[in-house]
Amino acid sequence: MSSNFFIGMWLSILIFILVSLSIWGVFYIESIDSKIAIFGIVALIVAAFTSVMTVNINNKKVREREYELHILKEKQKVCEHFYNSFFEIFKNIKNNRNGLSKTAIDEMALFKKGLMNWGSEELIKKFIDYENYNAIHEKNSKVFLNNANVFLKEMRKELGFKDSRDLSLMTVLLTADARIELGQ
């Protein structure tokens, strides 16, 4: 049985006891001092229960935040491998060398490995689309840059950023002349 079932059962029993005590105090006890004592007991139980529940809820939220932070840190590490590979390829092409160096290939392999573990299903699909699209349009640098921009925004979304459609991340990599030439 799940813990939610036990919590529900415990909560039901506690409510039953508190309602029973309240009804008993109102209808069956004659002495005012005894009524006050019974309602004091009910108030004490409610206060204690509220305190315990508040602590439990806060502890659960802290654990959830720690878990989300851990996942975010792992996703950041994975994205860093993509950036390392991407910038290595970009640097090699800019220096008129073969873009696929051993470092770029190794970093991309680490990215794919991490993506399988820590990437969302949507990001995995976007990466496959990114790779397929680049294979088809590998000679067209403007299409390549736009495709890279779309995937980089998707990675940033995975990390919690919200980028507008107007933002072009690839313009960060380009020189002023290249931005003008590509219309960015």
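Note that the coordinates shown come from a computational prediction; the quantities given were computed from them, not determined experimentally.

Colleague: Please clarify how the packing of helix α2 (residues 32-94) against helix α3 (residues 102-118) should be interpreted in this entry.
Modeller: Describing two packed helices takes the angle between their axes plus the distance from one axis to the other. Direction vectors running N to C along α2 and α3 enclose 155°, while the axes themselves pass 8 Å from each other. By the angle class used here, α2 and α3 are roughly antiparallel. Relative to α3, α2 is oriented so that their crossing is left-handed. In this structure, α2 contributes His-70, Ile-71, Glu-74, Lys-75, Val-78, His-81, Phe-82, Asn-84, Ser-85, Glu-88 and Ile-89 to the contact, and α3 contributes Thr-103, Ala-104, Glu-107, Met-108, Leu-110, Phe-111, Gly-114, Leu-115 and Trp-118.

Colleague: In this structure, what is going on with α2? I would like to understand it.
Modeller: Helical geometry: 3.6 residues make up each α-helical turn, so side chains three or four residues apart lie on a common side. For α2, built from 63 residues, the straight-helix expectation of 93 Å at 1.5 Å per residue is met to within 8% by its first-to-last C-alpha distance of 90 Å. Taking the backbone nitrogen of Asp-33 as reference, a side-chain oxygen 3.4 Å away marks Ser-31 as the first, capping residue of α2. Looking at the residues trailing α2, positive phi occurs at Asn-96, about 55°.

Colleague: Just checking my understanding: could you explain the confidence of the model for the protein for this structure?
Modeller: Low pLDDT marks stretches whose predicted atomic positions should not be read closely. Taken residue by residue, the protein gives an average pLDDT of 86. The fraction at 70 or more is 92%. Mean pLDDT values for the elements of the protein range from 61 in helix α6 (residues 176-182) up to 94 in α3.

Colleague: Which parts of the structure should I look at to understand the nonpolar core?
Modeller: Counting residues in hydrophobic clusters, the biggest one holds 18 residues, and the most contacted among them are Phe-82, Phe-111, Phe-127, Phe-151 and Met-155. When residues of this core are traced back to their parent elements, those giving at least two are α2, α3, α4 (121-136) and α5 (141-158). In terms of residue count, the dominant contributor to this core is α5 (five residues). Setting aside residues no more than four positions away along its own chain, Phe-111 makes contact with Val-78, His-81, Phe-82, Phe-127, Phe-151 and Met-155.

Criteria and cut-off values
- Residues numbered from 1 in each chain as written.
- Predicted model: local features only at pLDDT ≥ 70, side-chain atom pairs only at ≥ 80, totals over all residues.
- Heavy atoms only, no water.
- Axes fitted to C-alpha atoms, helices over the stretch in contact; angles between N-to-C directions.
- Helix = DSSP H or I, 4+ residues; strand = E, 2+ residues; numbered from the N terminus.
- Parallel < 35°, antiparallel > 145°, perpendicular 65-115°, else oblique.
- Left-handed = near helix turned anticlockwise from the far one by under 90°.
- Contact = heavy atoms within 4.5 Å.
- Expected span 1.5 Å × (residues − 1).
- Polar contact = N/O pair within 3.5 Å; in protein donor to acceptor, adjacent residues only side chain to side chain.
- pLDDT = per-residue confidence, 0-100.
- Core = buried A, V, L, I, M, F, W, Y, C linked by side-chain atoms within 4.5 Å.
- Buried < 20%, exposed > 50% of the residue type's maximum accessible area, 1.4 Å probe, protein only.

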